[in-house]
Amino acid sequence: PENFIDNYDFIVALYYPSMASLNDWQMGERSEIRIEAVERRRSYFNCDGETGRVYAVRGIPDTDGNPELQTVMTSQFCRRSPDATLSDVYDRILGVASNFREAGNNSLMQLYSPIMHPNRDAGPERMVRITVVAATPESMMERYDLVRNGLRPAAGLDQVYSNCNRQTLWNTFSVARPNQS
């Protein structure tokens, strides 16, 4: 992001199963446990409210949705072509995931589309974010090797982006996984 500061180098991602769940968390009863968790988090860092975003996240089916607690992920922002719909973008990502799966890599892929975004001048209605979360750091590097060795996962698929930025590679840690063992 344009306001990224080198010495503040992490992103907090909170996932809710629905907008109603997000509302319940934001506006719901302030239980003692919840207040304690928020205060503990605030003792470690503060969030810049001007950069807050709300995305709808669609996972790609049949990809590995249970990565290790510590792994790596890539993130890339793309602008949809003027005539491309979100469904077109989703179909392209389905095809890319399928081609990687056939080549032996089944990393979790997700499509983020903005619901609320602070930078209205950037045309957020056209922007999407594509993430890949590998089961292990090694499987992400294997994914890159597949491409380096000739795999073209988007070959034959419709072009739905007018432009994309470079992928960024993140070290990720799962802090909490409710309803998962």
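Before reading on, note that the structure itself is shown above.
What counts as what
Each chain has its residues counted from 1, following the order in which its sequence is written. Confidence filtering applies because this is a predicted model: local features only for residues at pLDDT of at least 70, side-chain atom pairs given and counted only at 80 or more, and all residues used for totals across whole chains, interfaces and linings. Derived side-chain values reflect all non-hydrogen atoms in the structure, with water molecules and hydrogen atoms excluded from consideration. Starting at the N terminus, helices and strands are each numbered in turn, a helix being any DSSP run of H or I of at least four residues and a strand any DSSP run of E of at least two. Under the scheme applied here, a residue whose accessible area is under 20% of the maximum for its type counts as buried, over 50% as exposed, and between as partly exposed, the area being computed with a 1.4 Å probe on protein chains only. By definition in these notes, contact holds between two residues if any of their heavy atoms fall within 4.5 Å. The definition used for a disulfide is geometric: two cysteine sulfur atoms within 2.5 Å. By nonpolar core we mean a set of buried residues, namely Ala, Val, Leu, Ile, Met, Phe, Trp, Tyr and Cys, connected to one another through side-chain atoms within 4.5 Å. Each reported salt bridge corresponds to a side-chain nitrogen of Lys or Arg within 4 Å of a carboxyl oxygen of Asp or Glu. In a helix, the anticipated span is given by 1.5 Å times the number of residues less one. Every patch collects residues that have over 30% relative accessible area and no salt bridge, joining them within 9 Å if they carry like charges and within 5 Å if they are nonpolar side chains (Val, Leu, Ile, Met, Phe, Trp, Tyr). Using a 1.4 Å probe, the Shrake-Rupley method yields the accessible areas, and only the shown protein chains count as cover for residues. Under the rule applied, a polar contact is a pair of N or O atoms within 3.5 Å (in protein, one hydrogen donor and one hydrogen acceptor; residues adjacent in sequence only if both atoms are side-chain atoms).

(A) Examining the overall build of the protein more closely. Each helix and strand counted, the protein has four helices and six strands in total. When the elements of the protein are put in sequence order from the N terminus, they spell out α-α-β-β-α-β-β-α-β-β. Across the 181 residues of the protein, 29% fall into the buried class. Within the protein, residue pairs in contact and separated by at least 24 positions form 85% of the contacts whose partners lie at least 6 positions apart.

(B) Here's a closer look at the side chain of S81. Here S81 is to be found in the loop between β2 (70-80) and α3 (86-102). For S81, a relative accessible area of 10% translates into the label buried. Those residues in contact with S81 that sit more than four places away from it in its chain are R126, Q159, V160, Y161 and S162.

(C) Local environment of the state of the cysteines. Evaluation of the coordinates by the stated rule reveals one disulfide. A sulfur-sulfur separation of 2.1 Å characterises the disulfide bridge that pairs C78 with C164. When the S-S torsion is 110°, as for the bridge of C78 with C164, the disulfide is right-handed. On the criterion of sequence distance, the pair formed by C78 in strand β2 and C164 in strand β5 (residues 161-164) is long-range, its members being 86 residues apart.

(D) Broad picture of the nonpolar core. Residues V89, I93, M109, L111, I130 and Y161 are the most contacted members of the largest nonpolar core, which totals 19 residues. Secondary structure elements with two or more residues in this core: β2, α3, β3 (108-116) and β4 (127-133). Setting aside its immediate chain neighbours within four residues, I93 contacts I60, M109, L111, I130 and Y161.

(E) Examining the pattern of salt bridges more closely. As enumerated under the stated definition, the model contains one salt bridge in all. Here D145 ties to R148 by a salt bridge, and the two come within 3.3 Å at their closest N and O atoms. Here D145 and its partner R148 are both found in helix α4 (residues 137-148), three residues apart, which amounts to about one turn of the helix.

(F) Spatial organisation of α3. Here α3 contains 17 residues, and its C-alpha end-to-end distance of 24 Å stays within 8% of the 24 Å for a straight helix at 1.5 Å per residue. Buried residues of α3: V89, Y90, R92, I93, G95, V96, A97 and F100, and no others. Backbone geometry just downstream of α3 places G104 in the positive-phi region, at approximately 105°.

(G) Spotlight on the environment of E68. In this structure, E68 sits in the loop between β1 (54-59) and β2. Judged by relative accessible area, which is 47%, E68 ranks as partly exposed. On a C-alpha basis, the gap between E68 and V133 in space is 9.7 Å, while along the polypeptide they are 65 residues apart.

(H) Summary view of a nonpolar patch on the surface. A contiguous nonpolar surface patch, about 280 Å² in accessible area, is contributed by M141, Y144 and L169. As for its placement among the helices and strands, M141 is situated in helix α4.

(I) Spatial organisation of the side chain of N105. Here N105 is to be found in the loop between α3 and β3. Taking the relative accessible area as the measure of exposure, N105 reaches 4% and is therefore buried. At 2.9 Å, the side chain of N105 forms a polar contact with the side chain of S107.

Coordinates in, geometry out; function isn't part of it.
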